[in-house]
Amino acid sequence: MNNFTFYNPVKIIFGKGEIKAVAKEIPTEARVLMTYGGGSIKKNGVYEQVMDALKNHKVVEFSGIEPNPRYETLMKAVELAKAEQIDYILAVGGGSVIDGTKLIAAAIPFKGEEPWDILSKKTPVTHAIPFGVVLTLPATGSEMNSGSVITREETKEKFSFGSPFTFPKFSVLDPETCYTLPPRQLSNGVVDAFTHVLEQYLTYPVNAPLQDRMAESILITLKEEGPKVLAQPTKYDVMANFMWCATMALNGVIRVGVPTDWATHMIGHELTALHGIDHARTLAIVLPSLLRYKRDTKREKLLQYGERVWGITEGREEERIEATIQATVNFFESLDIRTRLKDYDVDKETIREIVQRFEQRGVKNLGERADIQVGDVEQILTMSL
């Protein structure tokens with residue numbers, strides 16, 4: 001097992017009716033900016049619950065944070081927050097709202113030239129406004145980590161950042177808030193969480209059996225509960241199990257002491273930036289081809305994954321590896337997630353553009369072994385056509 005330092009200060013408040021706990025978690029004297037997305041929280045009762053919890057607080061609202069949150073939109077929130085002297089933020093929504101709120105929280109006190117430098121130049125975050133979360137869409141795990149991914153519409157770029165200062169102070173996870181989610185968002189959430197686990201698990205062995213088995217337990221639970229969530233979205237226990245899986249998939253617990261990959265995410269971000277394809281769907285496009293392309297360096301973990309998660313034990317090693325990758329593809333497609341670039345009207349021209357972008361930025365050494373170069377990215381995407 002590799003050396004590691006683990007830090008996660010997020011307080012999780014889980015269960016039905018727990019939105020009321022927000023009242024005790026945010027100081028009464030705080031001036032609160034409430035961030036949310038397109039307004040679905042006003043249709044499912046979440047908005048009323050949050051406002052009731054904040055009835056003794058000064059609240060300023062900022063709505064309209066998009067899926068794949070846009071830098072341009074978030075800077076409007078920063079401007080509002082400064083004008084209103086905001087000193088606490090409450091993100092009410094899914095990963096996009098939470099990710100956007102992390103940048104807002106870091107950008108308000110930012111002293112550099114432009115907050116975009118936090119993403120494009122990796123300028124360190126040294127301070128951030130405290131914020132909490134009411135989660136309404138399980139998928140990204142952003143409610144219990146410090147990471148954020150932001151899109152800049154002007155340049156068609158999508159970058160990530162993270163900081164010890166951008167962990168939520170608390171996150172409320174009430175499964176009942178997710179009952180009205182459309183099937184597309186639920187299937188995206190399952191695939192997103194599943195791929196998060198694989199990015200931390202399908203690398204190479206370092207004798208970390210506990211981390212392996214924790215990762216496998218999340219994968220197996222998602223495999224079992226994912227189809228149920230689509231079939232029975234208002235069944236509490238099903239939604240609760242899915243919600244907690246998505247959080248555990250990316251809160252840092254399963255990544256300690258083990259190598260991680262993230263090349264699928266790095267490549268997938270470009271498909272979203274250029275074509276607006278849902279994040280989870282870009283992962284479903286890239287991952288199978290990446291696993292096939294890197295099957296030799298991931299051999300031991302692919303065989304382990306196939307046996308422990310999919311029950312694949314018969315045949316030669318090559319046959320078992322291919323069967324394992326195909327089982328993953330079949331799972332994604334069973335959730336109505338297509339896994340080929342052609343399914344999204346993306347052709348070789350986009351591949352050339354992504355390769356050019358990576359070359360211009362000097363992107364190289366992706367993957368757990370830092371052995372995926374720009375030429376490899378081109379071949380992986382070509383295999384995904």
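Here's what I pulled together on the structure shown here. (Residues numbered from 1 in each chain as written. Predicted model: local features only at pLDDT ≥ 70, side-chain atom pairs only at ≥ 80, totals over all residues. Heavy atoms only, no water.)

**Description of unusual backbone geometry**
Phase 1: Although it is not a glycine, Asp336 adopts a positive phi angle of roughly 65°.
Phase 2: Of note, Asp336 is situated in the loop between α12 (317-334) and α13 (348-361).
Phase 3: Phi at Asn365 takes a positive value of approximately 60°, unusual for a residue other than glycine.
Phase 4: Mapping Asn365 onto the fold places it in the loop between α13 and α14 (374-383).
Phase 5: The exposure class assigned to Asn365 is partly exposed, which follows from its relative accessible area of 39%. (Helix = DSSP H or I, 4+ residues; strand = E, 2+ residues; numbered from the N terminus. Buried < 20%, exposed > 50% of the residue type's maximum accessible area, 1.4 Å probe, protein only.)

**Remarks on a nonpolar patch on the surface**
Phase 1: Residues Met1, Phe4 and Phe6 make up a contiguous nonpolar surface patch of about 320 Å² in total accessible area.
Phase 2: With respect to the helices, strands and loops of the structure, Phe4 is situated in the segment before β1 (11-14). (Patch = residues over 30% accessible without salt bridge, like charges linked within 9 Å, V, L, I, M, F, W, Y side chains within 5 Å. Areas by Shrake-Rupley, 256 points an atom, 1.4 Å probe, with all protein chains shown as cover. Salt bridge = Lys/Arg side-chain N within 4 Å of Asp/Glu carboxyl O.)

**Digging into the pattern of salt bridges**
Phase 1: Counted by the stated rule, this structure contains 27 salt bridges.
Phase 2: For Asp278, the salt bridge goes to Arg281, with nearest N and O atoms at 3.4 Å. Accessibility assignment for this pair places Asp278 and Arg281 in one class, buried.
Phase 3: Its salt-bridge partner being Arg295, residue Glu322 comes within 3.8 Å of it at the nearest N-O pair. Separated by 27 residues along the polypeptide, Glu322 in helix α12 and Arg295 in the loop between α10 (279-293) and α11 (299-310) bring together distant segments of the chain.
Phase 4: Residues participating in the shared-partner salt-bridge network are Arg292, Arg295, Asp296, Arg299, Glu317, Glu318 and Glu322.

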